[in-house]
Amino acid sequence: MTRTPVNVTVTGAAGQIGYALLFRIASGQLLGADVPVKLRLLEITPALKAAEGTAMELDDCAFPLLQGIEITDDPNVAFDGSNVALLVGARPRTKGMERGDLLEANGGIFKPQGKAINDHAADDIKVLVVGNPANTNALIAQAAAPDVPAERFTAMTRLDHNRALTQLAKKTGSTVADIKRLTIWGNHSATQYPDIFHATIGGKNAAETVNDEKWLAEDFIPTVAKRGAAIIEARGASSAASAANAAIDHVHTWVNGTADGDWTSMGIPSDGSYGVPEGLISSFPVTTKDGKYEIVQGLDINEFSRARIDASVKELSEERDAVRGLGLL
Ligand SMILES: NC(=O)c1ccc[n+]([C@@H]2O[C@H](COP(=O)([O-])OP(=O)(O)OC[C@H]3O[C@@H](n4cnc5c(N)ncnc54)[C@H](O)[C@@H]3O)[C@@H](O)[C@H]2O)c1
Ligand SMILES: O=C(O)C[C@H](O)C(=O)O
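Residues numbered from 1 in each chain as written. Chains lettered and ligands numbered in written order. Predicted model: local features only at pLDDT ≥ 70, side-chain atom pairs only at ≥ 80, totals over all residues. Heavy atoms only, no water.

Novice: Tell me about the packing of helix H6 (residues 158-172) against helix H10 (residues 241-256), residues and numbers included.
Specialist: Across the interface, H6 lies against H10 with an axial gap of 8 Å and an inter-helix angle of 105°. As judged from the angle between their axes, H6 and H10 are roughly perpendicular. Residues Arg 158, Leu 159 and Asn 162 of H6 form the contact with H10, whose own contacting residues are Ser 242, Ala 243, Asn 245, Ala 246, Asp 249, His 250 and Thr 253. Looking at the contact of H6 with H10 residue by residue, the class counts come to three nonpolar, five polar and two charged. (Axes fitted to C-alpha atoms, helices over the stretch in contact; angles between N-to-C directions. Helix = DSSP H or I, 4+ residues; strand = E, 2+ residues; numbered from the N terminus. Parallel < 35°, antiparallel > 145°, perpendicular 65-115°, else oblique. Contact = heavy atoms within 4.5 Å. Nonpolar A, V, L, I, M, F, W, Y, C, P; charged D, E, K, R; others polar.)

Shown next as structure tokens:
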């Protein structure tokens, strides 16, 4: 049976994450080894030539699943009929820029992209925002797309989730495959909270296995939360291959489902669960099935976790207030 190709839009396609991402999408790792894809690459005009170079290389891979590549600087074209949109391109923070300036600059990107998604994307569109500040950029795009169900706008915290898995595996001498039910709560920022209290390692409670609250508070949490900055310090550039890998994981899990007995972390619009104000795009533990996700309910949140979730959610509320103040919502 020949399947209809899935239209996948990638913004910031000529950037470093784009370069690590596109080949994996075209090879079938995003949606499955039997799902043909058409790529739409959105870039700013000066970067179109570089995007064309990447497209030439994609052609040269002769990926059997890749059924077309379109390159454009027009969001209305890039999102036309889009089924999956990966919003990677964003304005990086430059010297002397305040957080408000960054939010405003990104508003100029994510608001028109949200509107183009609203007006042109396919009915089943799924959006992942990678470009920072990812949660609030997702909120801006979502607000500009009132005809698209709000839950289709998500932000990436899977990289944080994957980072936490590895740090926990190293500490306990286990493998990442042994670890289940880890959670990233809150914002994709230094306030995020990687929670191991409900996680298991080989079926045993992870926090009890570690049994070291000092390590948790002073080592594990800051290492995971500040990993992005540590990569920038070491590499001289922000994480790219690992970010692309997490974007692949996020969409693959959303479309294909979480394993029985496990969950993942996604930045999604809050429905008020766990005291997170409704509408904020915050990271939660979620299970996925048949292309839909659900927040894992009924977890006991201890004092240690409560304070940290609240701090990250407070930051998200402040970011929302700031973009509201800028007229972006
Ligand atoms: N959520 C996460 O876990 C995570 C992890 C790593 C990086 N990031 C973020 O991802 C973003 C991209 O990172 P990168 O390393 O690829 O950056 P990069 O600077 O290499 O590439 C960004 C690309 O986006 C393009 N771009 C800018 N404005 C655009 C617009 N309006 N439309 C389309 N394209 C546009 C630029 O021309 C550039 O090619 C950054 O904001 C980075 O902070 C997020
Ligand atoms: O680009 C950054 O600031 C860091 C990035 O979000 C990361 O987590 O690696």
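From this point, the discussion proceeds with the structure in view.
Novice: I'd like a rundown of the site of ligand 2, residues and numbers included.
Specialist: Taken together, Asn 132, Arg 163, His 188, Gly 228, Ile 232, Ser 238 and Ser 239 make up the full set of residues near ligand 2. Asn 132 places a polar side-chain atom, nitrogen or oxygen, 2.8 Å from an oxygen atom of ligand 2. Contact distances for ligand 2 include 2.7 Å between an oxygen atom and a side-chain N or O atom of His 188. Look at ligand 2: alone it shows 270 Å² of surface, and the protein chains cover 71% of it. Tallied by class, residues from the shell around ligand 2 come to one nonpolar, five polar and one charged. (Near = heavy atom within 4 Å. Polar contact = N/O pair within 3.5 Å; in protein donor to acceptor, adjacent residues only side chain to side chain. Areas by Shrake-Rupley, 256 points an atom, 1.4 Å probe, with all protein chains shown as cover.)

Novice: How would you explain the side chain of Thr 253 if you had to name every residue and give the values?
Specialist: Tracing the backbone through its elements, the reader meets Thr 253 in helix H10. For Thr 253, the contacting residues outside a window of four places in its chain are Arg 158, Thr 258, Thr 264 and Thr 288.

Novice: So what's going on with the sheet that holds strand S7 (residues 179-180)? Residues and values would help.
Specialist: Pairing between the strands of a sheet is mediated by backbone hydrogen bonds and can be parallel or antiparallel. Pairing is antiparallel in the open sheet, where three strands are placed in the order S7-S10-S11. The open sheet has two free edges, formed respectively by S7 and strand S11 (204-205), since each of these has just one partner strand. Of the pairings in the sheet, the one linking strand S10 (residues 200-201) to S11 comprises two bridges and is antiparallel in character. Residue pairing in the sheet places Ile 201 in a bridge with Lys 204 of S11. (Pairing = 2+ DSSP bridges.)

Novice: Tell me about the UniProt feature "binding site: NAD(+)" (unreviewed entry) in the protein chain, residues and numbers included.
Specialist: Taken from the UniProt record, the annotation "binding site: NAD(+)" (unreviewed entry) applies to Gly 12, Ala 13, Ala 14, Gly 15, Gln 16, Ile 17, Gly 18, Asn 106, Gln 113, Val 130, Gly 131 and Asn 132. Following the sequence through the fold, Ala 14 ends up in the loop between strand S1 (6-11) and helix H1 (16-26). The contacts of Ala 14, once residues within four sequence positions are left out, are Glu 43, Ala 47, Ala 50 and Ala 51. Mapped onto the elements, Val 130 comes out in the loop between strand S5 (126-129) and helix H5 (134-143). (UniProt positions renumbered as here; feature names shortened; annotations may be inferred.)

Novice: Describe H1, and please don't skip the residues or the numbers.
Specialist: Regarding H1, the residues found buried are Ile 17, Gly 18, Leu 21, Leu 22, Phe 23, Ile 25 and Ala 26. Looking at the buried positions of H1, the neighbouring elements they touch are S1, strand S2 (37-42), helix H2 (48-60), strand S3 (66-72), strand S4 (84-87) and H10. Residue Gly 28 follows H1 closely and has a positive phi angle near 105°. (Buried < 20%, exposed > 50% of the residue type's maximum accessible area, 1.4 Å probe, protein only.)

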